[in-house]
Amino acid sequence: MSRRCHAVRLMIVLAFASMLQGCDIDLYTNLSEREANAMVAVLLREGVPASRKVQENGQLTLVVDEKRFAEAMSLLDEAGLPGQTFSNMGAVFKSGGLVSSPVQERAQMVYALSEELSHSVSLIDGVVSARVHVVLPDNDLLKRVISPSSASVLVRYDPNTDINALIPQIKTLVANGISGLSYEGVSVTVIKATTGSGQANAQPRLASFLGIWMLEDNLPRAWMLFGVLLLVALSMVGVLGWQHWQRRASRALYELEGVK
């Protein structure tokens, strides 16, 4: 009988574990710890269940409830997450063992400057994302008129930010980052980041479960957990009661046979 009880307990535990597993889906993969932490923090703050899991390569995957997939994508997009990835000078000019042509070196220089400056501008508080497009003059000494350097900056900013106060700083940063580029040669285009219909300021939806406050999305799972625990408890009480009755019946039968 003990083996049968052990098997029943094992089946209940396995069923309980399977029910605890929600219908989760991978939202982003190959994230750094900093990126994953920032994204989980944003989603939890807005009431969207999210977690991380470690990949074989050591990077992280962001996991969310499949039913909240679209909402999670919208919230992260509004928050500018995951952040832009930029190449640095070392990566752009990494030696490949071949001699680069002047045209290739020029293209690499323009790209590297654009990436470095885009990264710098995106670090300014209030800037959600940024792209810097650099135009450098040709190094042709035979030209009588040489076009000056110029740069065009596209900035997507937080609606709560006074972007007009940041534009002079952005232009100064870009102009000082490129040799021969003047302050007037930098143009800045700003776009206000869109926000969802009330989602950006939404608070986590909470519900009470037996006097305990939790996220509303976790309420059905909590009741399921409670039901499973109650079933296990009743099963254990029934098994213990049956074993107690069997012992008493055996003792009574033994005493009856002793009297005879």
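Conventions used here
- Residues numbered from 1 in each chain as written.
- Predicted model: local features only at pLDDT ≥ 70, side-chain atom pairs only at ≥ 80, totals over all residues.
- Heavy atoms only, no water.
- Helix = DSSP H or I, 4+ residues; strand = E, 2+ residues; numbered from the N terminus.
- Contact = heavy atoms within 4.5 Å.
- Areas by Shrake-Rupley, 256 points an atom, 1.4 Å probe, with all protein chains shown as cover.
- Buried < 20%, exposed > 50% of the residue type's maximum accessible area, 1.4 Å probe, protein only.
- Arc of directions from axis to C-beta.
- Polar contact = N/O pair within 3.5 Å; in protein donor to acceptor, adjacent residues only side chain to side chain.
- Patch = residues over 30% accessible without salt bridge, like charges linked within 9 Å, V, L, I, M, F, W, Y side chains within 5 Å.
- Salt bridge = Lys/Arg side-chain N within 4 Å of Asp/Glu carboxyl O.
- UniProt positions renumbered as here; feature names shortened; annotations may be inferred.

Visitor: I'd like a rundown of the overall build of the protein, residues and numbers included.
Guide: Broken down by element type, the protein carries 7 helices and 8 strands. Here the contacts in the protein between residues at least 6 apart in sequence split such that 60% fall between residues at least 24 apart. Accessible surface for the protein amounts to roughly 17,600 Å². Of this, 58% is attributable to carbon and sulfur atoms.

Visitor: How would you summarise helix α3 (residues 69-78) if you had to cite specific residues and measurements?
Guide: By the burial criterion, the buried members of α3 are E71, A72, L75, L76 and E78. The arc enclosing the buried residues of α3, seen along the axis, measures out at 160°, which places them on a common side. Contacts made by the buried residues of α3 are with β1 (24-31), α2 (33-45) and β3 (60-65). Just downstream of α3 lies G80, where phi reads positive at about 70°.

Visitor: Tell me about the side chain of Q55, residues and numbers included.
Guide: Mapped onto the elements, Q55 comes out in the loop between β2 (50-54) and β3. Taking relative accessible area as the criterion, Q55 reaches 18% and is therefore assigned buried. Among the polar contacts listed, one links the side chain of Q55 to the side chain of N57, at a separation of 3.0 Å. When sequence neighbours within four positions are dropped, the list of residues in contact with Q55 reads T29, N30, L60 and T61.

Visitor: Would you mind going over a nonpolar patch on the surface in detail, with residue names and values included?
Guide: Where nonpolar side chains cluster on the molecular surface, the patch consists of W223, F226, L230 and L234 and spans about 410 Å² of accessible area. Within the secondary structure layout, F226 lies in helix α7 (residues 219-259). Take F226: its relative accessible area is 34%, and that puts it in the partly exposed class.

Visitor: Describe in detail the UniProt feature "transmembrane region" (unreviewed entry) in the protein, supporting the description with residues and values.
Guide: According to UniProt, the feature "transmembrane region" (unreviewed entry) maps to residues 222-242 in the numbering used here. Between the end C-alpha atoms of residues 222-242 the distance is 30 Å, and the span holds 100% helix and 0% strand.

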